[in-house]
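Listed here are the chains, written in short residue letters.
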Amino acid sequence: MRPELMEYDLDWLFAATFGVAKKLDKATPKEIAALMRYTPYVSGLLKPLLETGKPAITYLDLFSEYYTNIVQARENGKKVVMTTFCFDPVIFYAVDNLVPVTLEIGTALTSLLWKRGSHDFMDFCTEIGFSETGCSSQRGAMGGYLSGAGARIDLIALNMGGVCDTNANAYSFAAQYLDVPFYGLDYPSELTTEEVREYHHKDYRALIRFIEENTGCRFDIDRLRELLEEKKKQDALMDELEEMQRLVPNPVPGIYHIMVYAARFIYSGRKKFTKMLEEMVAIVSKNAAEGRSGLKSGKERSRAFLFYIDHYALSLGMFEWFEAQGISHLGNILSRSFAESSTYATGVPGTTYRIDTSDLDSMIDSLADINARMPMTRTIRGPYDAPHMWLDDTLSLAGIYKADACIYNGTPGCRNTWSNVKLMMRDLEDHGYPTHLAYSDSFDARVESWETTAMRLDEFYKIRGLL
Ligand code: SF4
């Protein structure tokens, strides 16, 4: 690892950046413009974020608190658990001595905040023996923690076994390298049968035993109930945003999607996430009442559904490109909750989750069901065209939000999607959706520059007559 990257603690860098940025709520536009001149590296993220107003400040506050808790974990007598974005963190917050670190969030932030991206951290993983063809979303931040640039990890818990081999292997590699305890929930390729449901519930109880044994802590039932009740509110607010997104023009600013899913992956069940969602709903409701688009120009020319993930390498260029073209970003598979109230779920019994806080058993079952329905654990666990999998979900979402086009953007390390994405394209085209396949890596700008990705998007929109 380059010594320059070991100079500052990675989590402290995040905590300090967000801690300063959240104080901008009282800054004048002139002061913000002056700040951007002095912070060219972080302005690619901060500028579009701050333009969203109140929710941006809550978002920055939430991230500042999250990383400060990681930085202070050891001195506060807490253990740090490494986990993945597809794992709902409520269970970790139900004990008072555990702090989660979510790798993919760290990778995206490192890519968004600094011009050097997370390339050095990705390369460090390869230097110590991890596969360079794995998903870049883990490798970025993982290199930071394995090299000692970030917090010391005490245990690892995740839920991608059976769904995503590259994700599960990345965490298993980290556990061996760091010599820390590891638990991975496993998922059968089916989702809805009673047998699978029972398996999920048993597996989740074994995870709880693992956490108790390796942290010496017990779950606080009242706190768990409180977190899940808060999560219910969050799901309802997310449903409201999603419902308003059905309007034409779409009143939801595209950047809200990344804010919603990033905050949810680290702060599910926490009150600051609820606050951000309430602020968003207020703004979007006003846009909707006035018939305004969520685009800064106020003029919607086209609507795009990103049927995988977004682009985070070295700026929020993708969101700004959509803004400049007048294209409403309709979210991606990460934005969705798959709570039973979500209107876009395919309607097949068992494909969504219900939060039941009546007793400890019902809460644990609810958490197991939620985890089995996180974006990737639900949507790409089985064959892409099996019932209620990737194709069904995409058609349901693209249809409900009246998408004019579907766009794939992901990482070349994602065998789950690259193995069948051309078949997806064919099927989506057959259903009448012009579909574009980006060759970029969402987290690694060395694969394809954002400028090249944007040029190919331009070409697609022009040739297909979508603008
Ligand atoms: S993007 Fe693909 S490879 Fe990466 S975690 Fe998701 S499913 Fe796995």
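No experiment lies behind these values; they were computed from the predicted model shown.

Cut-offs applied
- Residues numbered from 1 in each chain as written.
- Predicted model: local features only at pLDDT ≥ 70, side-chain atom pairs only at ≥ 80, totals over all residues.
- Heavy atoms only, no water.
- Helix = DSSP H or I, 4+ residues; strand = E, 2+ residues; numbered from the N terminus.
- Expected span 1.5 Å × (residues − 1).
- Buried < 20%, exposed > 50% of the residue type's maximum accessible area, 1.4 Å probe, protein only.
- Contact = heavy atoms within 4.5 Å.
- Near = heavy atom within 4 Å.
- Nonpolar A, V, L, I, M, F, W, Y, C, P; charged D, E, K, R; others polar.
- Domains from an automatic or database assignment.
- Salt bridge = Lys/Arg side-chain N within 4 Å of Asp/Glu carboxyl O.
- Polar contact = N/O pair within 3.5 Å; in protein donor to acceptor, adjacent residues only side chain to side chain.
- Pairing = 2+ DSSP bridges.
- Axes fitted to C-alpha atoms, helices over the stretch in contact; angles between N-to-C directions.
- Buried area = accessible area lost by both parts, 1.4 Å probe.
- Parallel < 35°, antiparallel > 145°, perpendicular 65-115°, else oblique.
- Left-handed = near helix turned anticlockwise from the far one by under 90°.
- Phe/Tyr/Trp six-rings, centres within 6.5 Å; stacked < 30°, edge-to-face > 60°.
- Lys NZ or Arg CZ within 6 Å of the ring centre and 35° of its normal.

Caption draft 1: Quick look at helix H2 (residues 10–21). Across its 12 residues, H2 extends 17 Å between first and last C-alpha, which sits within 8% of the 16 Å expected from 1.5 Å per residue. For H2, the tally of buried residues reaches 9 of 12 residues, placing the bulk of the element in the interior. Inspection of H2 places Leu10, Asp11, Leu13, Phe14, Ala15, Thr17, Phe18, Gly19 and Ala21 among the buried residues, and these make up the whole buried set. Considering only its buried residues, H2 is in contact with helix H4 (40–50), helix H5 (54–71), helix H7 (103–113), helix H8 (119–127) and helix H9 (136–147).

Caption draft 2: Seen up close, the site of the ligand. Contacts to the ligand come from Phe85, Cys135, Ser137, Gln138, Cys164, Thr166, Asn167, Tyr308, Met376, Ile380, Cys414 and Asn416. If you list the elements that add at least two residues to the shell around the ligand, you get H9 and helix H10 (165–178). When grouped by side-chain class, the residues that make up the shell around the ligand number 7 nonpolar, 5 polar and no charged. Lining the shell around the ligand are residues from two domains, each supplying at least three of them: domain 1 (3–219) and domain 2 (222–463).

Caption draft 3: Spatial organisation of the pattern of salt bridges. Taken as a whole and judged by the stated rule, the model has 30 salt bridges. In this structure, arginine 2 engages glutamate 4 in a salt bridge whose closest nitrogen and oxygen atoms are separated by 3.8 Å. Classification of arginine 2 by relative accessible area gives partly exposed; the value is 36%. Residue class for glutamate 4 comes out exposed when judged on its relative accessible area of 52%. The partner of arginine 446 in a salt bridge is aspartate 123, with the nearest N and O atoms 3.0 Å apart. Residue arginine 446 is located in the loop between strand S8 (435–437) and helix H21 (450–463), and its partner aspartate 123 is located in helix H8; the two are separated by 323 residues in the primary sequence. A relative accessible area of 30% places aspartate 123 in the partly exposed class. Each member of the salt-bridge network shares a partner with another, and the members are Lys22, Asp61, Glu65, Arg270 and Lys272.

Caption draft 4: Structural detail: the environment of aspartate 120. Turning to its location among the elements, aspartate 120 is positioned in helix H8. Between the alpha carbons of aspartate 120 and threonine 83 there is a distance of 21 Å; along the sequence they are 37 residues apart. Once residues lying within four places of it in the same chain are set aside, the contact partners of aspartate 120 are Met1, Arg2 and Leu5. Within the structure, aspartate 120 has its side chain in polar contact with the side chain of arginine 2 (distance 2.9 Å).

Caption draft 5: Representation of the sheet that holds strand S2 (residues 98–102) within the structure. Read across the open sheet, the 4 strands follow the order S2-S1-S3-S4; overall the sheet is parallel. Each having just a single partner strand, S2 and strand S4 (182–186) make up the two edges of the open sheet. With strand direction ignored, the average angle separating the axes of adjacent strands in the sheet is 25 degrees. By the bridge criterion, 5 bridges tie strand S1 (residues 79–83) to S2 in an arrangement that is parallel. Along S2, the bridge assignment pairs threonine 83 with threonine 102. Packed onto the sheet, helix H11 (residues 194–215) meets S1, S2, strand S3 (155–161) and S4 and runs at close to 170 degrees relative to S4.

Caption draft 6: Here's a closer look at the environment of threonine 17. Tracing the backbone through its elements, the reader meets threonine 17 in helix H2. Residues threonine 17 and serine 64, spaced 47 residues apart in sequence, show a C-alpha to C-alpha distance of 7.7 Å. Setting aside chain neighbours within four positions, we find threonine 17 in contact with Val42, Leu113 and Trp114.

Caption draft 7: Here's a closer look at the domain arrangement of the protein. Examined at the domain level, the protein breaks down into domain 1 (3–219) and domain 2 (222–463). Computed over C-alpha atoms, the centres of domain 1 and domain 2 are 20 Å apart. Each partner contributes to the interface: domain 1 provides 67 residues, whereas domain 2 provides 64 residues. Taken as a group, Leu62, Tyr93 and Leu191 account for 12% of the area that domain 1 buries against domain 2, more than any other trio of residues on that side. Linking domain 1 to domain 2 there are 9 salt bridges. Note that aspartate 61 and lysine 272 form a salt bridge whose closest N and O atoms lie 3.4 Å from each other. Taken together, the connections running from domain 1 to domain 2 amount to 26 residue pairs in polar contact (both at pLDDT 80 or more). Here the element with the most residues in the side of domain 1 that touches domain 2 is H5; it accounts for 11 residues. Classifying every residue of the side of domain 1 that touches domain 2 gives 33 nonpolar, 21 polar and 13 charged.

Caption draft 8: Expanded view of the packing of helix H12 (residues 221–244) against helix H14 (residues 271–289). Contact geometry of H12 with H14 gives a least axis separation of 9 Å together with a crossing angle of 20 degrees. Regarding the angle of H12 to H14, the classification is roughly parallel. As H12 runs across H14, the sense of the crossing is left-handed. Residue-level contacts link Glu226, Glu230, Lys233, Gln234, Leu237, Met238, Glu240, Leu241 and Met244 of H12 to Lys271, Phe273, Thr274, Leu277, Glu278, Met280, Val281, Val284, Ser285 and Ala288 of H14. In the contact of H12 with H14, the residues fall into 10 nonpolar, 3 polar and 6 charged.

Caption draft 9: Highlighting the packing of aromatic side chains. Using the criterion set out here, one finds 26 aromatic pairs in the structure. Relative to phenylalanine 210, the ring of tyrosine 183 has its centre 5.7 Å away and its plane inclined at 40 degrees; by these criteria the two rings are tilted. Remark: phenylalanine 210 occurs in helix H11 and tyrosine 183 occurs in strand S4; sequence separation between them is 27 residues. Of the two residues, tyrosine 183 and phenylalanine 210, both sit in the buried class. An aromatic cluster is defined as three or more aromatic residues linked by ring pairs; in this entry it consists of Phe14, Phe18, Tyr59, Phe63, Tyr66, Tyr67, Tyr93, Trp114 and Tyr267. The residue whose ring lies beneath arginine 270 is tyrosine 93, and the NZ or CZ to ring-centre distance is 4.4 Å. Geometry around tyrosine 267 places arginine 270 over its ring, the cationic atom sitting 4.6 Å from the centre.

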